[in-house]
Amino acid sequence: MGNIVIVGVLNKAGSTNLYMAKSFMKKGFNVIPVNYRDIIQTFGSQYLGNLMLHVVKKYSPKLILFSKCNGVDPSVVKECTNLTTTWLWNMDAKNTIEHSMEVVEHAKNSTFSSCTSPTTVEWFESLGVKNCYHIFEGVDTSIFKPSTHRVDRYKADISFIGTRTSERDKYGALLKENGYDVKFYGNGYSNKEVINEEFAQICSNSKFMLSLNVHNNIPYYFSDRIFRYLACKSCVVHLDNTGTLNKWFENNKDIVYFSNENDLLSKLKSITKDERVKIAESGYRKVVENYTWDKTIERILEIAK
């Protein structure tokens, strides 16, 4: 099928670029990784630019996918686009990209671009970006999947996986005060990042998984953590105070949405075990049928032809 270059982070376990590369390879492509952060840190920005031109001339890739690439000179993307088809992949919300505006320039300089939030797509377009699409990050269901293996140290009423924030602290304290066995994992909560099989084990040993974005006031936006929770057949309770996420997951059928602290406590008290299992099953089916990395890559290839 030819070569595809991914400019991202492919030398760190748990990086979404690895799941992306795996799906491209399943489609028959040879993936050439360019770990831009390490290259810039070791050799500098100019070296990265020269390296990319060398890669294009040597491997004649069908597509170069730039994974956000904050800190990269936009001219690097532009020079590559003059030689082959390019794609700017952005997984972050507007609030984050506003601190890395070079990413918008990457999108302008690429043949195609995409964002995982439709509101970010609209913002990109308002800034002059062409050929920008809304495409979700997927989930690798060979890693994030249900498990019947019970591990005592992971057993909990409610678990959360993610970086520590004051809002997440607030919800954790609230749940503990109301008698729930709560366990939080991730940067700031545990001594290591939780990825892959351990992530799946935590989900499978928790009655509920708590879902809180870093930014919870953005309509139609959510972290791909939801896909991972649901792919592990977890009953997910997600903070959606925008009331917009029913577009993808139906409330009380695929997932349970709550709007504030009191609403969360009320929902947890009212859900029976049978309802919890049924919601988890429905959410699981929705994800594995619609939101895998294979589906994401198929969409990219369909657009880029």
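For the structure, check the block above.
Everything in this summary refers to the structure shown in the same document. (Residues numbered from 1 in each chain as written. Predicted model: local features only at pLDDT ≥ 70, side-chain atom pairs only at ≥ 80, totals over all residues. Heavy atoms only, no water.)

## Things to note about the overall build of the chain
For step 1, the next point in the chain: What the chain contains, in helices and strands, is 13 helices and 11 strands.
For step 2, the next point in the chain: By the compact-globule yardstick of 19 Å for 305 residues, the chain fits well, its C-alpha radius of gyration being 20 Å.
For step 3, the next point in the chain: In terms of overall dimensions, the chain has a C-alpha envelope of 60 × 40 × 35 Å along the principal axes.
For step 4, the next point in the chain: A total of 305 residues make up the chain; the buried ones form 54% of that total.
For step 5, the next point in the chain: Counting every atom, the chain has about 13900 Å² of accessible surface; 46% of that belongs to carbon and sulfur.
For step 6, the next point in the chain: In the chain, 39 positive and 33 negative side-chain charges are present, and the distance between their average locations comes to 4 Å. (Helix = DSSP H or I, 4+ residues; strand = E, 2+ residues; numbered from the N terminus. Rg over C-alpha atoms; globule rule 2.2 N^0.38 Å. Buried < 20%, exposed > 50% of the residue type's maximum accessible area, 1.4 Å probe, protein only. Areas by Shrake-Rupley, 256 points an atom, 1.4 Å probe, with all protein chains shown as cover. Lys, Arg positive; Asp, Glu negative; His and termini not counted. Charge placed at Lys NZ, Arg CZ, Asp CG, Glu CD.)

## Side note on the packing of aromatic side chains
For step 1, the next point in the chain: In this structure the tally under the stated criterion is 25 aromatic pairs.
For step 2, the next point in the chain: Centroid distance Phe160 to Tyr189: 6.4 Å. Interplanar angle 80°. Geometry classified as edge-to-face. With Phe160 in strand β7 (residues 156-161) and Tyr189 in the loop between β8 (182-185) and α9 (196-204), this pair connects stretches of sequence that are 29 residues apart.
For step 3, the next point in the chain: A residue is classified by how much of its surface remains accessible, and Phe160, at 0% relative accessible area, is buried.
For step 4, the next point in the chain: Look at Tyr189 and you get partly exposed, because its relative accessible area is 22%.
For step 5, the next point in the chain: Put simply, the rings of Phe136, Tyr220, Phe222, Phe227, Trp248, Phe249 and Tyr291 touch in pairs and so form one group of aromatic residues.
For step 6, the next point in the chain: When the ring centre of Tyr284 is taken as reference, the NZ or CZ atom of Lys233 above it lies at 4.7 Å.
For step 7, the next point in the chain: Over the ring of Phe208 we find Arg276; its NZ or CZ atom is 5.7 Å from the centre of that ring. (Phe/Tyr/Trp six-rings, centres within 6.5 Å; stacked < 30°, edge-to-face > 60°. Lys NZ or Arg CZ within 6 Å of the ring centre and 35° of its normal.)

## Quick notes on the pairing of strand β5 (residues 112-115)
For step 1, the next point in the chain: Taking every second residue as pointing to the same face, both faces of β5 are buried, with Phe112 and Ser114 on one and Ser113 and Cys115 on the other.
For step 2, the next point in the chain: As defined by bridge partners, strand β4 (residues 86-90) adjoins β5 across four bridges and the pair is classed as parallel. By the bridge assignment, Trp87 is partnered in β5 with Phe112.
For step 3, the next point in the chain: Relative to strand β6 (residues 132-134), β5 runs parallel, the two being bridged by three bridges. Bridge pairing in β6 places Cys115 opposite His134.
For step 4, the next point in the chain: At this point the chain moves from β5, through helix α7 (residues 118-126), to the parallel β6, and the crossover so formed is right-handed. (Pairing = 2+ DSSP bridges. Right-handed = clockwise from strand over helix to strand, strands pointing away.)

## What to know about the nonpolar core
For step 1, the next point in the chain: Core analysis: the largest hydrophobic core is formed by 72 residues, its most contacted members being Phe24, Trp87, Leu210 and Phe249.
For step 2, the next point in the chain: Those residues in contact with Phe24 that sit more than four places away from it in its chain are Ile4, Ile6, Phe29, Val31, Leu63, Leu65, Ile297, Ile300 and Leu301.
For step 3, the next point in the chain: If you look at the next biggest cluster of nonpolar residues, it comprises 28 residues, including Ile39, Val55, Leu88 and Ala107. (Core = buried A, V, L, I, M, F, W, Y, C linked by side-chain atoms within 4.5 Å. Contact = heavy atoms within 4.5 Å.)

## A short note on helix α8 (residues 166-177)
For step 1, the next point in the chain: An ideal rise of 1.5 Å per residue puts 16 Å on 12 residues; α8 measures up with 16 Å between its terminal C-alpha atoms.
For step 2, the next point in the chain: Positioned one or two residues after α8, Gly179 has a phi angle of 90°, which is positive. (Expected span 1.5 Å × (residues − 1).)

## Considering the environment of Lys58
For step 1, the next point in the chain: You can see Lys58 is positioned in helix α3 (residues 45-59).
For step 2, the next point in the chain: Among the residues examined, Lys58 registers a relative accessible area of 54% and is labelled exposed.
For step 3, the next point in the chain: Spatially, the C-alpha atom of Lys58 lies 44 Å from that of Leu212, the residues being 154 residues apart in sequence.

Remember, this is a structural readout, not a statement about activity or role.
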